[in-house]
Amino acid sequence: TMTDHKQTNIMTLTRYVLEQQRLHPDATGDLSIAMNAVQVGCKFVEACVRKARLINLVGLAGNQNVQGEDQKKLDVLSNEMFVNALQASGKFSFMVSEEVDDIVVVPEELRGKYCITFDPLDGSSNIDAGVNVGTIFGIWRLPSGPKATVDEILVAGSEIIVGGYCMYGSSCNLILTFGNNQVEGFTLDPALGEFILTHPDIKIPNRGKIYSVNEGNSLYWDAATRAYFESLKFPTPESGRKPYSSRYIGSMVADVHRTLLYGGVFAYPSDRKSRQGKLRILYESFPMAYITEQAGGKATTGTTRVLDLVPKHIHDRCPIFLGGADDISDVEKAFKENN
Ligand code: AHG
Ligand code: MN
Ligand code: MN
Ligand code: MN
């Protein structure tokens, strides 16, 4: 009989996606093929990030993106890799990328029933310093399939069906959810070139001990945001709590990954400098809010559930506080009391 050793019965991401497909009798396998293209993109970026310094892939590409940011060479390279791999899969009709000004409309013969939104390289301002960076993606089903028009992309975040990120750090971790309160973490085995299940069924602790926000913006925060972080730093005696610890890496993928595993709160609030905060709804806030909720946490703008937002433009931004359910309930309370 087959021995059920771990070594000979490994749960690869490809196998996991196929098992998800079998859960849906009407599944056609399209999403499995789409997810393979996502994997190829992540493996390519991982390889580039690993050797960036060696083949002079760090530094500026010399142009700006629609966000007004100086594009890094790796921003451009990873974007092109994802666009090509995803388009070739034949499963997407539209794509929204942080690094492309307009919606990418896939040529007729390659259009499929999904739309994907992605940040090909998140945290790229850190790349030259060797800090963790990542890729963030969200996949939506287009009601009209390949005949869909563009307006079918600007829908509420709750329509999302797959949310995930890949973090290029000391190891390469891909975290994703297909919904039904299941968030799974995979680690790339470079020898096999396969993502292996290493963090099954991730649940975020209801309350943590860490807050993660750029305190350099404190001068511009509104009253509610200031009151909330003050309550973590100077807990009242009756709260019976100790001050939270501060951890801020400046790469959303790394800060969210730590928040998901350890608990606590990650935030990029609205402030007087940037009324809508900095993070982009379609390819940063929506996928991360979805993953957080499916892991048992919450994601709010302060006053609204992030996934209830409907973006007007593809690069719209929103304020975001995400983390454990109890931590985020405190945020919502601070916004109710300080308006
Ligand atoms: P990107 O590199 O994709 O443009 O995203 C950068 C974002 C996000 O990764 C991070 O949370 C945030 O920028 C940090 O912004 P500040 O440096 O203003 O704190
Ligand atoms: Mn950027
Ligand atoms: Mn980003
Ligand atoms: Mn980016």
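Just so you know, these numbers come straight off a predicted model, no measurement behind them.

What am I meant to see in the UniProt feature "domain: Fructose-1-6-bisphosphatase class 1 C-terminal" (unreviewed entry) in the protein here?
Those residues carrying the UniProt feature "domain: Fructose-1-6-bisphosphatase class 1 C-terminal" (unreviewed entry) are residues 204-335 in this numbering. Here residues 204-335 runs as 36% helix and 12% strand, with 23 Å between its end C-alpha atoms.

Explanation requested: the site of ligand 1 in the structure shown.
Taken together, 18 residues sit near ligand 1, with Asp122, Gly123, Tyr248, Met252 and Tyr268 positioned nearest. Within the side chain of Glu69, a nitrogen or oxygen atom sits 3.3 Å from an oxygen atom of ligand 1. Contact distances for ligand 1 include 2.7 Å between an oxygen atom and a side-chain N or O atom of Tyr268. Protein burial of ligand 1: of its 470 Å² of free accessible surface, 87% is covered by the chains.

Could you clarify how one ought to interpret the coordination of the manganese ion (ligand 4) in this entry?
In a perfect tetrahedron of four donors around a metal, the angles come out at 109.5 degrees. In a perfect octahedron of six, they are 90 or 180 degrees. At the metal site, the manganese ion (ligand 4) is ligated by Glu98 (OE), Asp119 (OD) and Leu121 (O), and these contacts range over 2.0 to 2.3 Å. Sequence spacing of the donors to the manganese ion (ligand 4): E-x20-D-x1-L. Metal-to-metal, the separation of the manganese ion (ligand 4) and the manganese ion (ligand 2) is 3.7 Å; Glu98 coordinates the two. In this structure, Asp119 and Leu121 share a single accessibility class: buried.

In this structure, what is going on with the packing of aromatic side chains? I would like to understand it.
Ring pairs (aromatic) are described by centroid distance and by the angle formed between their planes. Per the stated rule, a full pass over the model turns up 10 aromatic pairs. Considering the side-chain rings of Phe321 and Phe335, the 5.5 Å spacing of their centres and the 75° angle between planes classify their relative orientation as edge-to-face. Pair noted here: Phe321 is in strand β15 (residues 320-323) and Phe335 is in helix α7 (residues 325-337), with a separation of 14 residues, a long-range link. Judged by its relative accessible area of 0%, Phe321 is buried. Counting every residue linked through ring pairs, the aromatic cluster contains Tyr211, Trp221, Tyr228, Phe229, Phe321 and Phe335. Across from the ring centre of Phe94, 4.9 Å away, lies the NZ or CZ of Arg111, which sits over that ring.

Any chance you could explain helix α3 (residues 73-89) here in plain terms?
The α-helix advances 3.6 residues per turn, and as a result positions three or four apart in sequence lie on the same side. Taking 1.5 Å as the rise per residue, α3 with 17 residues should run 24 Å; its terminal C-alpha atoms sit 25 Å apart, in good agreement. Leu74, Asp75, Ser78, Asn79, Phe82, Val83, Ala85, Leu86, Gln87 and Ser89 are the residues of α3 that are buried. The secondary structure elements touched by the buried residues of α3 are α2 (30-51), β2 (70-72), β3 (92-97), β4 (104-105), β5 (114-122) and β6 (133-141). A positive backbone phi angle near 70° is found at Gly90, which sits one or two residues after α3.

What is the right way to read the sheet that holds strand β12 (residues 245-246) from this model?
In any sheet, the strands associate via hydrogen bonds between backbone groups, in a parallel or an antiparallel arrangement. If you trace the 5 strands from one edge of the open sheet to the other, you get β12-β11-β13-β15-β14, paired in mixed fashion. Since the sheet does not close on itself, it has two edges, and those belong to β12 and β14 (298-300), each with one partner. Strand direction decides the pairing type here: strand β11 (residues 210-212) and β12, joined by 2 bridges, are parallel. Paired with Ile210 across the strands is Ser245, a residue of β12. Contacts from helix α6 (residues 281-294) reach β14 and β15, with the element oriented near 30° to β15. The sheet strands contacting α7 are β13 (265-268), β14 and β15, and the helix crosses β14 at an angle near 25°.

Is there a simple way to think about the packing of helix α1 (residues 13-22) against α2 in this case?
Helix packing for two helices is described by the angle between their axes and how far apart those axes are. With their axes 10 Å apart at the nearest point, α1 and α2 run at an angle of 155° to one another. Of the possible angle classes, the one that applies to α1 and α2 is roughly antiparallel. The interaxial crossing formed by α1 with α2 has right-handed handedness. The segment α1 lies against α2, with Leu13, Thr14, Val17, Leu18 and Gln21 engaging Ser32, Met35, Asn36 and Gln39.

Any chance you could explain the nonpolar core here in plain terms?
Side chains that are nonpolar tend, in soluble globular proteins, to be buried together. Ranked by size, the top nonpolar core spans 43 residues in total, and within it Met35, Leu86, Ile116, Ile139, Val162 and Phe195 carry the most contacts. The element that contributes the greatest number of residues to this core is α2, accounting for 9 residues. When near neighbours in sequence (up to four residues on either side) are disregarded, Met35 contacts Val17, Phe137, Ile139, Val162, Leu176 and Phe178. If you look at the next biggest cluster of nonpolar residues, it comprises 40 residues, including Phe94, Ile103, Ile153 and Ile291.

What is the right way to look at the coordination of the manganese ion (ligand 2) in this model?
Distances from the manganese ion (ligand 2) to its protein donors, namely Glu69 (OE) and Glu98 (OE), fall within the range 2.0 to 2.1 Å. Between the manganese ion (ligand 2) and the manganese ion (ligand 3) the interatomic distance amounts to 5.4 Å. With Glu69 in the loop between β1 (60-64) and β2 and Glu98 in the loop between β3 and β4, this residue pair connects regions lying 29 residues apart in the sequence. With a relative accessible area of 24%, Glu69 lands in the partly exposed category.

Reading guide: rules and limits
- Residues numbered from 1 in each chain as written.
- Chains lettered and ligands numbered in written order.
- Predicted model: local features only at pLDDT ≥ 70, side-chain atom pairs only at ≥ 80, totals over all residues.
- Heavy atoms only, no water.
- UniProt positions renumbered as here; feature names shortened; annotations may be inferred.
- Helix = DSSP H or I, 4+ residues; strand = E, 2+ residues; numbered from the N terminus.
- Near = heavy atom within 4 Å.
- Polar contact = N/O pair within 3.5 Å; in protein donor to acceptor, adjacent residues only side chain to side chain.
- Areas by Shrake-Rupley, 256 points an atom, 1.4 Å probe, with all protein chains shown as cover.
- Donors = N, O, S within 2.8 Å, 3.2 Å for Na, K, Ca; no water.
- Buried < 20%, exposed > 50% of the residue type's maximum accessible area, 1.4 Å probe, protein only.
- Phe/Tyr/Trp six-rings, centres within 6.5 Å; stacked < 30°, edge-to-face > 60°.
- Lys NZ or Arg CZ within 6 Å of the ring centre and 35° of its normal.
- Expected span 1.5 Å × (residues − 1).
- Contact = heavy atoms within 4.5 Å.
- Pairing = 2+ DSSP bridges.
- Axes fitted to C-alpha atoms, helices over the stretch in contact; angles between N-to-C directions.
- Parallel < 35°, antiparallel > 145°, perpendicular 65-115°, else oblique.
- Left-handed = near helix turned anticlockwise from the far one by under 90°.
- Core = buried A, V, L, I, M, F, W, Y, C linked by side-chain atoms within 4.5 Å.

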